[in-house]
Amino acid sequence: MNTGLHMDFVPLFSGSSGNSTYVRMEGTSLLVDAGLSGTRVIKELQKLQVDPSTLSGILVTHEHSDHVSGVGILSRRYGLKVYATQGTWAGMAGKVGRIEACNRRVIRPGDDFFIGDMCLTPFSIPHDAAEPVGYTFYCRGVKTAIATDLGHLNNGWLDALAGSALVLLEANHDVEMLKAGRYPYELKRRILGMNGHLSNEDAGRAVIELRKQGVGRIILGHLSHENNFPELAYQTVSQVLEEAGHAADMLDVAQRDGLTGIYHLKSEDQA
Ligand SMILES: [Zn+2]
Ligand SMILES: [Zn+2]
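Residues numbered from 1 in each chain as written. Chains lettered and ligands numbered in written order. Predicted model: local features only at pLDDT ≥ 70, side-chain atom pairs only at ≥ 80, totals over all residues.

Undergrad: Looking at this structure, how should I read the sheet that holds strand β3 (residues 28-32)?
TA: In sheet architecture, strand pairing relies on hydrogen bonds along the backbone and comes in two forms, parallel and antiparallel. What the 7 strands build is an open sheet, ordered β6-β5-β4-β3-β2-β1-β14; its pairing is mixed. Of all the strands in the sheet, the pair left with one neighbour each is β6 (104-107) and β14 (263-266). In this sheet, neighbouring strand axes are inclined to one another by 25 degrees on average, regardless of whether the strands run parallel or antiparallel. Note: strand β4 (residues 57-59) against strand β5 (residues 82-85), 2 bridges, orientation parallel. (Pairing = 2+ DSSP bridges. Helix = DSSP H or I, 4+ residues; strand = E, 2+ residues; numbered from the N terminus. Axes fitted to C-alpha atoms, helices over the stretch in contact; angles between N-to-C directions.)

Undergrad: I would appreciate a short explanation of the environment of His 127 in the present structure.
TA: Within the secondary structure, His 127 sits in the loop between β8 (118-124) and β9 (133-139). With 25 C-beta atoms packed within 10 Å, His 127 lands in the buried category. For His 127 and Arg 190, which are 63 residues apart along the polypeptide, the C-alpha to C-alpha distance reads 9.8 Å. In this structure His 127 touches His 62, Pro 132, Asp 149, Leu 150, Gly 151 and Asn 195, once residues within four positions along its chain are discounted. (Buried ≥ 20, exposed ≤ 12 C-beta atoms within 10 Å, placed from the backbone. Contact = placed C-beta atoms within 7 Å.)

Undergrad: Sorry if this is basic, but what is going on with helix α3 (residues 71-78) here?
TA: An α-helical turn contains 3.6 residues, so a residue and the one three or four places further along point in the same direction. Every buried residue belonging to α3 is among Val 71, Leu 74 and Ser 75, and all of these are buried. Looking down the long axis of α3, one finds its buried residues gathered within 100 degrees of arc, a one-sided arrangement. Contacts made by the buried residues of α3 are with α1 (38-47), β4, α2 (65-68), β5 and α4 (86-96). One or two positions beyond α3, positive phi appears at Gly 79, with a value near 65 degrees. (Arc of directions from axis to C-beta.)

Undergrad: Explain unusual backbone geometry here, please?
TA: Note on backbone geometry: most residues besides glycine have negative phi, and most peptide bonds are trans. Of note in this structure, Gln 49 is not a glycine but carries a positive phi near 60 degrees. If you trace the backbone, Gln 49 turns up in the loop between α1 and β4. Looking at Gln 49, the number of C-beta atoms within 10 Å reads 7, which means it is exposed. The phi dihedral of Asp 149 is positive, around 60 degrees, even though this residue is not glycine.

Undergrad: I'm lost on α1 in this one. Help?
TA: If you check which residues of α1 are buried, you get Val 41, Glu 44 and Leu 45. End-on, the buried residues of α1 take up no more than an arc of 100 degrees, which puts them together on one face. Turned more than 90 degrees from where α1 packs its buried face, Thr 39, Gln 46 and Lys 47 sit exposed. Packed against the buried residues of α1 are β1 (6-15), β2 (18-25) and α3. Taken from the residues just after α1, Gln 49 is the one with a positive phi, measuring 60 degrees.

Undergrad: Honestly, the pairing of β8 in this entry has me stumped. Any pointers?
TA: Remember that side chains alternate between the two faces of the sheet whenever the strand is regular. Direction of pairing for strand β7 (residues 113-115) relative to β8: antiparallel, over a ladder of 3 bridges. Paired with Phe 113 across the two strands is Leu 120, which belongs to β8. Across 6 bridges, β8 lies against β9 in antiparallel orientation. Note that in β9 the partner of Cys 119 across the bridge is Tyr 138.

See the structure below:
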């Protein structure tokens, strides 16, 4: 992998059944979430020739199992530090097993922190978990972000993403597919609720706002297996954009089951 003054951003897998993203710049490399088995995460990292023991840590967004399934095993096996809010630590206590005290880091929404040269900002997201966050990554003038598991649009998270060269943004479901589908009423209500998940149309509205805030490329992710498919997410978001007079030339869709691609984001420092 290119190790120059680039930020590498690699969705390892992204969907309602498991999420993990690899972010690297210079000597700092991170996983955000590890929501399939440890073995699956390791397999994807091997494709990038990344030795898991060289990771600087794992950032956790929230305690739902599609984000934390592999966190405990990876931390124990490779001695990795785990970063999460107080609420997320409490929420994932029974799910990730024992994590050594020396590897536990508590972060707070809105409070920046550094890992190596990379500045991380956790920001609050509207989702039905204890204290869920998205993250922005900033190093040498390059900013990227992860914002999934979003119940609705609000200025808090939209503003946090301003100026990002790349955002992994949730486009969870098609509303009609969800309504007509086989999920029980309560689950449908949860997903459609203020603290559930972002529909394709809402993702489209979010992209319009993010474009105004100088965001570059957008990867649509966290797609539902039951209530969405990649072409539909892409089409719906493109349509919302085009109806509002915007080009849809900066959209990608993340793979649910494997590497989406390696995004190299150029540093401003680079000649
Ligand atoms: Zn969730
Ligand atoms: Zn999720």
